[in-house]
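Architecture and fold: a report
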Amino acid sequence: MNNQQADTAPRRAIDVINAGMDRRKRSEKRFQLLGKLSIALAIGFLAMLLGSIVSKGYGAFQQTYVKLDVHLDAAKIDAENLNKGNYSGVIKEGLRNMFPDVSGRREKRKLYSLVSQSAAYQLQAKVIEEPGLIGQAISIWVPADDEVDVFFKGHINRDIAEEDRRIKDNQIRWIDHFIEQNRIEKRFNTTFFNAGDSRNPESAGIWGAVVGSFYTLLVTLLLSFPVGVASAIYLEEFAPKNKFIDFIEVNINNLAAVPSIIFGLLGLAIFINFFGLPRSASFVGGLVLTLMTLPTIIISSRAALKSVPPSIKQAALGVGASPMQAIFYHVLPLAMPGILTGTILGMAQALGESAPLLMIGMVAFIVDIPAGIFDPSTVLPVQIFLWADSPERAFLERTSGAIMVLLGFLVLMNMVAVILRKQFERRW
Amino acid sequence: MNVEQETGQKEMELNPAQTKEAMDLQSKTPKVDRENRETVGDVRVDDPRMRCTDINVHYGDKHAIKGLNLDVGKKEILSMIGPSGCGKSTFLRCLNRMNDTIDSCRVTGTIEMDGVDINGKSIDVVPLRASVGMVFQKPNPFPKSIRENILFGPRIHGLATDKDDLEEIVVNSLKKAGLWDEVKDRLDQPGTGLSGGQQQRLCIARTIAVEPEIILMDEPCSALDPISTAAIEELMLELSESYSICIVTHSMQQAARVSNRTAYFHLGDLIEVGTTDQVFNAPLHQLTEDYITGRFG
């Protein structure tokens, strides 16, 4: 070494540093470029996903309605017993009057299938509201059948061969007749937001799944938040440091990585088969999701508690606070933003979970809106799964529509998390 | 500003005389040998507020304090000096059982206060800590308003429930801590918004709000500037009229300025105890002399 230095002219450190600067700057640039590229890639994928969902799903928020002239014949509808009237007969008569040349059973059935089966119920509701209408001729807007809806929205090409499309030539003729007379239009699809599930796409809504999700998450929150935070406080602040507590900690961390369907199997075996709780109930769903969310909440709460400066706790103990007072007055409020963020992220995860709920029967076809936590119900992700499985073309856009609603709820929950964190944040 | 000048002058007067006298004494009196770790000086006082006997502290395998005996007198300021890691903070934390919060820490021996061994298993640390208050090295106000900082202690102990009484506690504590004039218009603003020195005085006000009988201070000025330090030293002298104060400090000048008695610690041993004048001017132990004359530490 010494010899080498003696041979060459004395080298200054700054020259060596300058010589290496170009290389350093290049690698710096390269690294930044890589970062930008990966962000662009991520945004690209996200845009693709959202674009595909929105382009397929926006149609679900509109439904095609047709206007019919019907005669509320007193012979068909008994003014004394409005629940028993032959309302579908009235609707069919209205259709036959519009197209008097239609004859034959098959033709007539095709004609009747232009309007939804729910049209009769809507007519009935209108008559019950205004019994004075009986005996009069009225015009009423009723939902079109899902095939007509899909055709009117332009998803069925009329140029392809008749046998290859769901809407036949004569139906297209009738629909064109409706269009000529301005008797067909798209309206905002309120049914989609306030009805339960249905076999008919035009009558199917997500409200049942939203309510089911709400009850399920309510049970999950009420159970997992107190249990999770209490466990975290005990483990972080009170638990003795020994092998047993270490063992518990390792297990909690492992539970966070257990596939969610395992929790579903556990729920099926214990809550339903052993304790005999009802199937498909959001209560059981909430219990299963609680098991799944607890590790997330415990881990994030412990991290939040750990990040509170120990000097705060010491100060409280120093004026004679009991450990519990020190924690509840000072440590916990400071840890709250972190705890709430963790909880809401856990809840968001639970909201999007479907696999464990399949195991406990929440995948059943449930038409009624659940009225309580023990009623059979389904949840948004499972509803999406069910609709995605249905063959009708109209369910395709409803699937995407439901995904949009689910994503909306997730964004909302994350926003609440951000707002709460801002609200509770304090400097020290 | 008066405070600063006063203490500044005092320091200047004290130091040359001190070292000169110490030099004189050094040549005359034979010192206790460096290897001898028996405590020299008078560890006992008449009518003590606290009497510690045979205190041993272990952190796991580490023997942090070895067989210590020491009294804390009434209405005196006892300062503890010594190099880092000598056990002076550990000893201070024994006096209000703050060492209980450290898992690996074991404290043996007796600490008598009013005839009761406060180191006993059956002692409830909550009332103990209320009567033996503590001020920490780093100012640690709660991230709440100044008023809430003061009132936390009185509230949890139920010292006052009436709104007027609580307000009186706030005013009195802040006045005693010499902070009242600076913060009287902003009691509802966060205590963390004050300057470092003000925060430390707020912590002292918070401590005296629960009317303790002894105040422990663990290097209370080490994070503060000289002006704030002077204010707090002035405050300590005032408080010593009603409380016993134990202070751990790294500043020998501070110990010389404020304390009545001084204890010198070295690697877990209490080496020397005596009146501050005696310890600084005529130390009996060679290690004490080495430290105060700046030969190490």
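Described below are features of the structure shown in this document. Predicted, not measured: the structure shown is a model, and the values here were computed from it.

All names here are of chain B. Taken in spatial order, the four strands of this open sheet run β3-β2-β5-β6, and their pairing is antiparallel. Because the sheet does not close on itself, it has two edges, and the strands there are β3 (62–72) and β6 (116–117). As paired elements, strand β2 (residues 50–59) and β3 share seven bridges and run antiparallel to each other. Within the sheet, the bridge partner assigned to Val57 lies in β3 and is Ile65.

All right, on to the interface of chain B and chain A then. Contacts between chain B and chain A engage 24 residues on the former and 19 residues on the latter. Between chain B and chain A, the buried area comes to about 1,800 Å², and carbon and sulfur atoms account for 64% of it. Inspection of the region where chain B meets chain A yields zero salt bridges. At the surface where chain B touches chain A, the tally comes to three residue pairs in polar contact (both at pLDDT 80 or more). Where the side of chain B that touches chain A is concerned, the elements lending two or more residues are α3 (125–131), β7 (132–135), α4 (146–157) and α7 (196–208) of chain B. Considering each element in turn, the side of chain B that touches chain A owes the most residues, four residues, to α4(B).

A few words on the packing of helix α5 (residues 163–176) of chain B against α7(B). Residues and elements named next belong to chain B. Close contact between α5 and α7 brings their axes to 8 Å; oriented N to C, the two are set at 130°. The orientation of α5 with respect to α7, classified from their angle, is oblique. In terms of crossing hand, the pair formed by α5 and α7 is right-handed. Contact with α5, carried on its side by Ser173, Leu174 and Lys176, involves Leu202, Ala205 and Ile208 of α7 and no other residues of that element. Taken together, the residues that form the contact of α5 with α7 break down as four nonpolar, one polar and one charged.

Right, let's talk about the environment of Asn140(B) for a bit. Locating Asn140(B) in the fold gives a position in the loop between β7 and α4. Not counting residues up to four positions away in its chain, the partners in contact with Asn140(B) are Ser311(A), Ala315(A), Cys203(B) and Arg206(B). A polar contact is formed between the side chain of Asn140(B) and the backbone oxygen of Ser311(A), at a distance of 3.0 Å. Side-chain polar atoms of Asn140(B) contact the side chain of Arg206(B), separated by 3.1 Å.

Turning next to the pattern of salt bridges. Under the definition given, this model contains 25 salt bridges over all chains. Here Asp169(A) makes a salt bridge to Arg165(A), at a shortest N to O gap of 3.0 Å. For Arg165(A), a relative accessible area of 7% puts it in the buried group. Between Asp71(B) and Arg51(B) there is a salt bridge; the shortest N-O distance is 2.8 Å. With Asp71(B) in strand β3 and Arg51(B) in strand β2, this residue pair connects regions lying 20 residues apart in the sequence. Exposure remark for Asp71(B): the relative accessible area of 0% places this residue in the buried category.

What counts and how
Residues numbered from 1 in each chain as written. Chains lettered and ligands numbered in written order. Predicted model: local features only at pLDDT ≥ 70, side-chain atom pairs only at ≥ 80, totals over all residues. Heavy atoms only, no water. Pairing = 2+ DSSP bridges. Helix = DSSP H or I, 4+ residues; strand = E, 2+ residues; numbered from the N terminus. Contact = heavy atoms within 4.5 Å. Buried area = accessible area lost by both parts, 1.4 Å probe. Salt bridge = Lys/Arg side-chain N within 4 Å of Asp/Glu carboxyl O. Polar contact = N/O pair within 3.5 Å; in protein donor to acceptor, adjacent residues only side chain to side chain. Axes fitted to C-alpha atoms, helices over the stretch in contact; angles between N-to-C directions. Parallel < 35°, antiparallel > 145°, perpendicular 65-115°, else oblique. Left-handed = near helix turned anticlockwise from the far one by under 90°. Nonpolar A, V, L, I, M, F, W, Y, C, P; charged D, E, K, R; others polar. Buried < 20%, exposed > 50% of the residue type's maximum accessible area, 1.4 Å probe, protein only.

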